[in-house]
Amino acid sequence: EVWGVDRYDDMLASCRAKLAREPEKVQARVTLVRGDVRTLDLPRTFPLITAPCNFLDNLLDAADLARCFRRVARHLAPGGRFVIDGSAPDLPTMVASHGKAQVGRFTHPETGRELVSRFTPRFDFVRQIETDEIESRRSWTD
C-alpha cells in the first residue's frame, strides 16, 4: 500500500497519468492525496514515510521544517521510520554519474522482502536541472 501526497494538482495529475499505465492490482494499492506536509492530517499512520529527492529543500525556514516534522511524527506508526533523501550538489560526481544506472537493494520494514531500486540521474548542466528515473521492484532481471 502506497500513499502519495502533494500540494499541487498538476503533480498529482502527472502521477495519476503514470499510475493509469500500471496494472489494476497496482492502482488499487495507491492513494493520492492533495495536501501540505506542514498541515497534513491523514486518517492513519504508516510504518514508513519518505521525503524523496531533496524534498525538504522546499521548506524554506525552520518553522516550516518543524511543522513538517511534527506532522511526520503524528503519522508514523510505533517503530516506524522517516527516511530523508537529500544531497548537496557535487559537480564531479554529477558528471561521472550522468545517465548511469545505480542499483540498490533494500529490505521492506514490514514484509522483510527484498526490494530492488534502479536510480538513473540525468543533468542539464546549462539550465541546472536534474531529472531522475527511479524504479523499484520486488525483483530485477537485467
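Bear in mind the structure is a predicted one, so any value in this text is a computation, not a measurement.

1. Remarks on the overall build of the chain
- Looking only at helices and strands, the chain has four helices and seven strands in total.
- Taken from the N to the C terminus, the helices and strands of the chain come in the order β-α-α-β-β-α-β-α-β-β-β.
- Dimensions of the chain, computed from the C-alpha atoms along their principal axes, are close to 45 × 40 × 30 Å.
- Nonlocal contacts in the chain, meaning residues at least 24 apart in sequence, comprise 51% of its contacts between residues at least 6 apart.
- Only carbon and sulfur atoms are counted for the fraction: they give 53% of the accessible area of the chain, which is about 10500 Å².
- Positive and negative side-chain charges in the chain, numbering 22 and 21 respectively, have mean positions lying 4 Å apart.

2. A short note on helix α3 (residues 62–75)
- Given a rise of 1.5 Å per residue, 14 residues ought to cover 20 Å, and the 20 Å separating the end C-alpha atoms of α3 matches this to within 8%.
- On its buried side, α3 packs onto β3 (46–51) and β4 (76–84).
- Backbone nitrogen of A63 and a side-chain oxygen of the N-cap are separated by 3.1 Å at the start of α3; the cap is D61.

3. Here we look at unusual backbone geometry
- Phi angles above zero are rare outside glycine, and C53 is one such case at about 50°.
- Along the chain, the position of C53 falls in the loop between β3 and α3.
- C53 sits in the partly exposed class, given a relative accessible area of 42%.
- A positive phi angle is found at N54, which is not glycine, with a value near 60°.

4. Some details on a positive patch on the surface
- A surface patch of positive charge is lined by K25, R29, R113 and R138.
- For R113, a relative accessible area of 42% puts it in the partly exposed group.

5. Considering the sheet that holds strand β7 (residues 129–137)
- Spatially, three strands are ordered β5-β6-β7 in an open sheet, and the strand pairing comes out antiparallel. Lying at the two open borders of the sheet, with one neighbouring strand each, are β5 (102–107) and β7. Strand-to-strand twist of the sheet, defined as the mean angle between neighbouring strand axes without regard to direction, takes the value 25°.
- Pairing between β5 and strand β6 (residues 114–124): six bridges, direction antiparallel.

6. Points about the nonpolar core
- In terms of nonpolar packing, the biggest core is built from ten residues, these being V33, L40, L42, F46, I49, A51, L56, L59, C68 and V72.
- Where this core is concerned, the elements lending two or more residues are β3 and α3.
- When near neighbours in sequence (up to four residues on either side) are disregarded, A51 contacts L56, F82, V83, I84 and D85.

7. Topic: a nonpolar patch on the surface
- Taken together, the side chains of L91, V95 and F125 make up a nonpolar region of the molecular surface, amounting to roughly 290 Å² of accessible area.
- With respect to the helices and strands, F125 occurs in the loop between β6 and β7.

8. Focus: the pattern of salt bridges
- Across all of its chains, the model carries ten salt bridges by this definition.
- R7 is the partner of D36 in a salt bridge, and the nearest nitrogen-oxygen pair spans 4.0 Å. Separated by 29 residues along the polypeptide, D36 in the loop between β2 (30–34) and β3 and R7 in the loop between β1 (2–6) and α1 (9–19) bring together distant segments of the chain.
- Judged by its relative accessible area of 17%, D36 is buried.
- With relative accessibility at 39%, the residue R7 sits in the partly exposed group.
- A salt bridge links E133 to R122; the shortest N-O distance between them is 3.9 Å.

Calculation rules
Residues numbered from 1 in each chain as written. Predicted model: local features only at pLDDT ≥ 70, side-chain atom pairs only at ≥ 80, totals over all residues. Heavy atoms only, no water. Helix = DSSP H or I, 4+ residues; strand = E, 2+ residues; numbered from the N terminus. Contact = heavy atoms within 4.5 Å. Areas by Shrake-Rupley, 256 points an atom, 1.4 Å probe, with all protein chains shown as cover. Lys, Arg positive; Asp, Glu negative; His and termini not counted. Charge placed at Lys NZ, Arg CZ, Asp CG, Glu CD. Expected span 1.5 Å × (residues − 1). Polar contact = N/O pair within 3.5 Å; in protein donor to acceptor, adjacent residues only side chain to side chain. Buried < 20%, exposed > 50% of the residue type's maximum accessible area, 1.4 Å probe, protein only. Patch = residues over 30% accessible without salt bridge, like charges linked within 9 Å, V, L, I, M, F, W, Y side chains within 5 Å. Salt bridge = Lys/Arg side-chain N within 4 Å of Asp/Glu carboxyl O. Pairing = 2+ DSSP bridges. Axes fitted to C-alpha atoms, helices over the stretch in contact; angles between N-to-C directions. Core = buried A, V, L, I, M, F, W, Y, C linked by side-chain atoms within 4.5 Å.

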